[in-house]
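Chain by chain, the residues run as shown.
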Amino acid sequence: MKAATKTLSRVLLSGLLLGCAPAAREQTLDVLAGSELSDLEGPVLDAIARNTGVRLKLRSTGTIDAAERIAAGQGADLAWLSSDRYLQLHPGAARRILARTPTMLSPVVLGVRQDLARQWGWEKGVSWKDVAVKAGNGEFSYAMTNPAASNSGFSALVGVTSALAGGGDAVALEKLDTPEVRGFARGVALSAGSSGFLADAYVRDQDTLGGMINYESVITQLNASGRLRTPLTVLMPEEGVVTADYPLMLLNPDARAAYGRVTAYLKTPQAQALVRERTGRRTPGGQTDAPPELAFPGSLGAIDATLRAYLDENRRPASTTFVLDISGSMRGERLAALKRALQALAGGDVSVTGRYARFAPREQVRLITFADRVHDLKTFEVGPSGNEGAALRQIHDYAGRLELQGGTAIYAALNEALRHLKAEGPQPERIRTVVLMTDGENNEGPELEAFLAQYATQPAHVRAARIFPILFGEARPDEMAQVARVSGGRVFDARSTPLPIIFKDIRAYQ
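Quantities reported herein were computed from a predicted structural model and do not represent experimental measurements.

A. Structural context of the packing of aromatic side chains. Evaluation of the coordinates by the stated rule reveals 19 aromatic pairs. A ring pair is formed by tryptophan 120 and tryptophan 122, whose centres lie 4.9 Å apart and whose planes are at 55 degrees; its orientation type is tilted. Across the pair, exposure class does not vary: tryptophan 120 and tryptophan 122 are buried alike. Ring pairs connect the aromatic residues Trp120, Trp122, Trp128, Phe140, Tyr142 and Phe184, which therefore count as one cluster. When the ring centre of tyrosine 246 is taken as reference, the NZ or CZ atom of arginine 281 above it lies at 4.8 Å. Positioned above the aromatic ring of phenylalanine 492 is the side chain of arginine 490, whose terminal nitrogen or guanidinium carbon lies 4.1 Å from the ring centre.

B. Molecular detail of the sheet that holds strand 15 (residues 431-438). Strand order in the open sheet formed by six strands is 14-13-12-15-16-17, with mixed pairing between adjacent strands. Since the sheet does not close on itself, it has two edges, and those belong to strand 14 (374-381) and strand 17 (492-493), each with one partner. Taken together, the six bridges between strand 15 and strand 16 (residues 466-471) define a ladder with parallel strand orientation. Bridging from a neighbouring strand, valine 435 pairs with phenylalanine 468 of strand 16. Helix-sheet contacts for helix 21 (residues 477-487) involve strand 15 and strand 16, and the interaxial angle to strand 16 is about 165 degrees.

C. Structural view of the pattern of salt bridges. Using the criterion set out here, one finds 28 salt bridges in the structure. Of the charged contacts in the structure, one is a salt bridge between glutamate 26 and arginine 55, with a shortest N-O distance of 3.3 Å. Of this pair, glutamate 26 sits in the loop between helix 1 (2-17) and strand 1 (27-34) while arginine 55 sits in strand 2 (residues 54-61), and the two are 29 residues apart along the sequence. Of the charged contacts in the structure, one is a salt bridge between arginine 113 and aspartate 115, with a shortest N-O distance of 3.1 Å. Owing to a relative accessible area of 32%, aspartate 115 belongs among the partly exposed residues under this scheme. Salt bridges linked by common partners bring Glu26, Asp46 and Arg55 together as one network.

D. Seen up close, the confidence of the model for the chain. Mean pLDDT over the chain: 90, with 93% of residues reaching 70 or higher. Ignoring residues within four places in sequence, the model shows residues 1-23, a span with pLDDT below 50, making one contact including any to other chains.

E. A look at the environment of alanine 224. With respect to the helices and strands, the residue alanine 224 is situated in helix 11 (residues 216-224). The class of alanine 224 is exposed, set by a relative accessible area of 68%. Sequence separation between alanine 224 and serine 329 is 105 residues; the distance between their C-alpha atoms is 47 Å.

F. Spatial organisation of the environment of glycine 75. Looking at the element boundaries, glycine 75 is found in the loop between helix 3 (63-71) and strand 3 (78-80). When its relative accessible area of 57% is taken as the criterion, glycine 75 is described as exposed. Along the backbone, glycine 75 and alanine 117 are 42 residues apart, and their C-alpha atoms lie at a distance of 46 Å. In this structure, glycine 75 is in contact with Asp30 and Arg59, ignoring residues within four places of it in sequence.

G. Structural context of helix 8 (residues 151-164). Taking 1.5 Å of rise per residue, 14 residues should cover 20 Å, and helix 8 covers 20 Å from first to last C-alpha, within 8% of that figure. Within helix 8, 13 of the 14 residues are buried, leaving the element largely enclosed by the surrounding structure.

H. Region of interest: the pairing of strand 5 (residues 106-113). With eight of its eight residues buried, strand 5 lies for the most part within the structure. The alternating pattern of strand 5 places Ser106, Val108, Leu110 and Val112 and Pro107, Val109, Gly111 and Arg113 on opposite faces, both of which are buried. In this structure, strand 5 lies alongside strand 10 (residues 242-244), joined through three bridges in antiparallel fashion. Paired with proline 107 across the strands is threonine 243, a residue of strand 10. Looking at chain direction, strand 5 and strand 8 (residues 211-215) are connected through five bridges and run antiparallel. Bridge pairing in strand 8 links leucine 110 to isoleucine 213. Taken together, the four bridges between strand 5 and strand 9 (residues 232-235) define a ladder with antiparallel strand orientation. Along strand 9, the bridge assignment pairs glycine 111 with valine 234.

I. Region of interest: empty space enclosed by the protein. Here the structure, examined in full by the defined rule, presents three cavities of 30 Å³ or more. Here the largest cavity is characterised by a volume of approximately 50 Å³. Looking at the largest cavity, the residues that line it are Thr63, Ser83, Arg85, Tyr86, Phe154, Ser155, Val242 and Phe296. At the level of secondary structure, the elements contributing two or more residues to the lining of the largest cavity comprise helix 4 (85-89) and helix 8.

J. Examining the side chain of aspartate 77 more closely. Along the chain, the position of aspartate 77 falls in the loop between helix 3 and strand 3. Arginine 59 is the oppositely charged side chain nearest to the buried, salt-bridge-free aspartate 77, at an N-O distance of 7.9 Å. For aspartate 77, the side chain forms a polar contact with the side chain of asparagine 252, separated by 2.8 Å. Non-local contacts of aspartate 77, meaning those with residues more than four positions away in its chain, are made with Thr28, Leu29, Asp30, Met249, Leu250, Leu251, Asn252 and Ala255.

K. Inspection of the sheet that holds strand 11 (residues 247-250) at higher detail. If you trace the five strands from one edge of the open sheet to the other, you get 2-1-3-11-4, paired in mixed fashion. Only two strands of the sheet have a single neighbouring strand rather than two, namely strand 2 and strand 4 (99-102). Across the sheet, the mean angle from the axis of one strand to that of its neighbour is 25 degrees, orientation sign disregarded. Across four bridges, strand 4 lies against strand 11 in antiparallel orientation.

Parameters at a glance
Residues numbered from 1 in each chain as written. Predicted model: local features only at pLDDT ≥ 70, side-chain atom pairs only at ≥ 80, totals over all residues. Heavy atoms only, no water. Phe/Tyr/Trp six-rings, centres within 6.5 Å; stacked < 30°, edge-to-face > 60°. Buried < 20%, exposed > 50% of the residue type's maximum accessible area, 1.4 Å probe, protein only. Lys NZ or Arg CZ within 6 Å of the ring centre and 35° of its normal. Pairing = 2+ DSSP bridges. Helix = DSSP H or I, 4+ residues; strand = E, 2+ residues; numbered from the N terminus. Contact = heavy atoms within 4.5 Å. Axes fitted to C-alpha atoms, helices over the stretch in contact; angles between N-to-C directions. Salt bridge = Lys/Arg side-chain N within 4 Å of Asp/Glu carboxyl O. pLDDT = per-residue confidence, 0-100. Expected span 1.5 Å × (residues − 1). 1 Å grid on protein atoms, 1.4 Å probe; cavity = no way out; pocket = protein on both sides within 12 Å on 5 of 7 lines; lining within 4 Å. Points joined across faces, edges and corners; volume = space filled by probe spheres on them. Lys, Arg positive; Asp, Glu negative; His and termini not counted. Polar contact = N/O pair within 3.5 Å; in protein donor to acceptor, adjacent residues only side chain to side chain.

Here it is in structure tokens:
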């Protein structure tokens, strides 16, 4: 007992000698953030926490989604997006922004394969009209994020379309139907929901694409990564670019003091040097080589018209295959969630982001249901703009009739999807993807190894279709990750996020 008392005394004394006054509690702020800001996680966010006592917890979102959430008053202390120009046009969102502080800069630029830039003489100067003409002729295809889901694609589309339509503060509807506007949209051969995934996906398709529209910082980092056989030449078209200034915005008045500490720290030379080193973005102020800025539309109506023209009429139409598990384990709420997810894409979600995510005019939608075998295959051809209602109603009704069946033959069903892609032959005019939704382990038909072996023998146009598995229920993460990796897709996790939201997120990649 005496020895134990001595030990306790030594521990207490040691604590006192180390100056163990109670550490100040770290304050955590919830932040709606652009997906590309994941590159701040680690050293940058740690430095902010260490120097201010404020830990920023980032929740990834796109511009339009963020505006909806902020306008709806969905709890967040701060917002940190590439730009607040869309939010400032949205009355419900704008009045909730209590303060804004630009934190870093990155223009959305054109990256063109070095050999093509040299061949076309674009190294000496290029315009967005030149890009649109080459794309419209089929000579230039490129990667760009989906403008309805990602900030870089959104900025590029509204800025460039405004320039091609004659510039100015508004985009007249009649000016959206021009060869240049259509050509720019038709050039997009690879779409994604985030600028980071787009860069990774470009690496896989670098021999078939001519370039990429993305943040200057992303392209610069990609060039430096050593992953490209031919570097991308960064070009600033003569009409200008849209520059992201990443304003950190205060939404919660109770977080004002913490917001002040964070923004004050971000202005210090130490913080700006760390941001430049970790992200490749420029720091605000003192820019002597800033490119001219493209005009941004002055109304939500002009932006909606631009997005609708792109999604419904001008971009390459999608060919979307959903491979859907209706085995017995999907009983109850799981099957109900699947039905809601499909019906939301068929027009059931009337929110702004829901309208942009729905099945689009000219899209081909193939639904393959499986349990112990493939049970059904249904293909729907969505009509042109203004005539898409009939197909959407058919998909909605079909989803409502889904019924449970027996075991789980995941790879037999996936093979069926690939068989149809192969039979169709190459379709370069479409962006083709496959979505695999299962809630269990494979217990019928071929195993993963057999599927991968057969996948490797598929022709290039079949392997070009990315597969996006959805983790649901007891699905195996390791197997789904392998399927995504081999096809260049990515895994979406519906174990902690509602299935309808996952289905909507995937639309950005289709």
